Amino acid sequence: MTDAPVIGVLALQGDVREHLIALAAADAVARPVRRPEELAEVDGLVIPGGESTTISKLAVLFGVLEPLRERVRAGVPVYGTCAGLILLADKILDPRSGQETVGGIDMIVRRNAFGRQNESFEAAVDIKGIEGDPVEGVFIRAPWVESVGARTEVLAEHEGHIVAVRQGNALATSFHPELTGDHRVHSLFVDMVRANRAPESL
């Protein structure tokens, strides 16, 4: 499809393959991104789940952190899941030593807020902007959003905690929709990328 947006998945650590599959199912051309030159070639980017400190340190090592910050500031659509949500936060309540964020969403995030690995769980989540049944959210050492600024829209909550947000072209969820086979969240993001690309499409 000539009009399919090209969406990268930051492929430094985490569940990259699952996002590539979900994006392809949502009618995007999906590519792994590790280098600044690869980042420059995509219309949007997913920051996957994994270990947020490790991803941030590898992003520095691969020279991609500052170019990623610049593209997010310039308005490129970006979607972060779990660790990706942490990396898109302007502030982390309990950062680990040396941990940096990309920023882009006016929110304060608490890492591992829902518990450790053995406390992982699944829950139905109603997400604003997604029609039909609730999305099945997979929460694995998941963060939650403690608070958001005026520009940030809350899309979903679970047990009183914010678990999905959007600010402009930046989308983030505490959970992993890429692990469920339900591609509606990825379709929402692909639509965001298409809408952002539309004014300059040939």
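Residues numbered from 1 in each chain as written. Predicted model: local features only at pLDDT ≥ 70, side-chain atom pairs only at ≥ 80, totals over all residues. Heavy atoms only, no water.

Draft legend 1. Layout of the side chain of Ser52. Position of Ser52 relative to the elements: it lies in helix 3 (residues 52–61). Since its relative accessible area comes to 3%, Ser52 is described here as buried. Not counting the four nearest positions on each side in its chain, Ser52 is found in contact with Ala83, Ile86, Leu87, Gln99 and Arg111. (Helix = DSSP H or I, 4+ residues; strand = E, 2+ residues; numbered from the N terminus. Buried < 20%, exposed > 50% of the residue type's maximum accessible area, 1.4 Å probe, protein only. Contact = heavy atoms within 4.5 Å.)

Draft legend 2. How the structure looks around the nonpolar core. Within the largest apolar cluster, 32 residues are counted, with the highest numbers of intra-cluster contacts made by Ile47, Leu68 and Met107. With five residues, helix 5 (residues 83–88) is the single largest residue contributor to this core. In contact with Met107, not counting residues within four places along its chain, are Leu85, Leu88, Ala89, Asp90, Lys91, Val145, Ser147, Val148, Val165 and Ala172. One finds Val16, Ile130, Phe139 and Val163 within the second-largest nonpolar core, a separate group that totals 30 residues. (Core = buried A, V, L, I, M, F, W, Y, C linked by side-chain atoms within 4.5 Å.)

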